[in-house]
Amino acid sequence: MPHIRLTVLGCGSSSGTPAIGCTCPVCTSPHPKNRRSRCSAWLDIGGQGWQIDTGPDFRSQALREQLPRIDGVLYTHPHADHLNGIDDLRGFCYKQQGSIPIYGSAATLANISERFDYAFFPPGSHWNRPVLEARPLTDSLTLNGAPLQHFQMPHGHWHTTAYRIANIAWLTDINHISSAQIAALQGLDHLFIDCLSPRPYPSHLSFDQACDYAEQIGARHTWLIHMTHALGYEELLAACPPGIAPAYDGLTINSSY
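The structure contained in this document is the topic of the report that follows. On a predicted model such as this, the values are computed, not experimentally measured, just so you know.

1. Some details on the nonpolar core
For step 1, the next point in the chain: Counting 56 residues, the largest nonpolar core has I165, L171, F192 and L224 as the members making the most contacts within it.
For step 2, the next point in the chain: In contact with I165, other than residues within four places in its own chain, are I4, L43, I45, I52, L74, L143, A146, P147 and L148.
For step 3, the next point in the chain: Counting residues in hydrophobic clusters, the runner-up holds 22 residues, among them W42, Y75, L89 and F116.

Written as structure tokens, this is what we have:
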């Protein structure tokens, strides 16, 4: 049976935790699960490596988890905390001696191609920059045989692409999930869902909203991601309903399909 292993590289918000200059109890906590780098994940799908987003902490995340390869990148949207580590894909291009395809919505790929145009030039002899290929998302796309579904969800005035890879879903930077999307997300082993803070926010889900959507989706396990320093790990864990827990950097889960 085909197997997927997902590693949470980062589960923090755009500021990360600790936040610069902050002396709150969470930012000064010695608890390792209160140290959150910017939100991203890596998936081992039958020996292929697939990345979700490349935020500004991508280099340190890749070194920490000793990522062996990247065969493609799924981008959710082009905000800096999900994109600006893109240049460090060059190490994988060099190691693999080849270009890396990146996927996302048309708007996301256009934004990336404009801001990082040098990454889309043909490869040279030194591999001293990332060499990427922008590819559109299609309904027939699979990741080494794993079925991929993609959904456009609102993120304030933007839209984010949420992904379902077989029985795992990654829903970051969203503030609403439609009833049709909830129906398409049934039967999950693992749901990773945006949970910015205890209070409602215009472009993200609050803790209560995340839990409500998680109940409607009904995954076997739900993990909260993209959390600010307003949410301490142990306090949040104690408040979670059964089947829901905060993610943490380095969390690894497994799923079959």
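The discussion continues.
2. Some details on the sheet that holds strand β9 (residues 158-165)
For step 1, the next point in the chain: Strand order in the open sheet made by the 7 strands is β7-β8-β9-β10-β11-β12-β13, with mixed pairing throughout. Edge positions in the sheet fall to β7 (142-143) and β13 (244-246), since each has one partner strand and no second.
For step 2, the next point in the chain: For strand β8 (residues 146-155) and β9, the ladder comprises 8 bridges, and the chain directions are antiparallel. Residue pairing across strands places M153 opposite T160, the latter belonging to β9.
For step 3, the next point in the chain: Packing of helix α6 (residues 207-217) onto the sheet brings it into contact with β11 (190-194), β12 (221-225) and β13, and relative to β11 it is tilted by some 150°.

3. A short note on helix α1 (residues 58-65)
For step 1, the next point in the chain: All of the buried residues in α1 are F58, Q61 and A62. In an axial view of α1, the angular spread of the buried residues amounts to 100°, which keeps them on one side of the axis. Counted as exposed and oriented over 90 degrees from the buried face of α1: R59 and L63.
For step 2, the next point in the chain: Those residues of α1 that are buried are in contact with β1 (3-10), β2 (40-45), β3 (48-52) and α3 (90-96).
For step 3, the next point in the chain: Looking one or two residues beyond α1, the residue adopting positive phi is Q66, at roughly 50°.

4. Comments concerning unusual backbone geometry
For step 1, the next point in the chain: T17 connects to P18 through a cis peptide bond whose omega is 5°.
For step 2, the next point in the chain: Among the secondary structure elements, P18 is positioned in the loop between β1 and β2.
For step 3, the next point in the chain: Within the chain, Q66 stands out as a residue other than glycine whose phi angle is a positive 50°.
For step 4, the next point in the chain: Relative to the helices and strands, Q66 resides in the loop between α1 and β4 (72-74).
For step 5, the next point in the chain: Phi at N144 is positive, roughly 50°, even though this residue is not glycine.
For step 6, the next point in the chain: Positionally, N144 belongs in the loop between β7 and β8.
For step 7, the next point in the chain: Given the relative accessible area of 34%, N144 is considered partly exposed.

About the thresholds
- Residues numbered from 1 in each chain as written.
- Predicted model: local features only at pLDDT ≥ 70, side-chain atom pairs only at ≥ 80, totals over all residues.
- Heavy atoms only, no water.
- Core = buried A, V, L, I, M, F, W, Y, C linked by side-chain atoms within 4.5 Å.
- Buried < 20%, exposed > 50% of the residue type's maximum accessible area, 1.4 Å probe, protein only.
- Contact = heavy atoms within 4.5 Å.
- Pairing = 2+ DSSP bridges.
- Helix = DSSP H or I, 4+ residues; strand = E, 2+ residues; numbered from the N terminus.
- Axes fitted to C-alpha atoms, helices over the stretch in contact; angles between N-to-C directions.
- Arc of directions from axis to C-beta.

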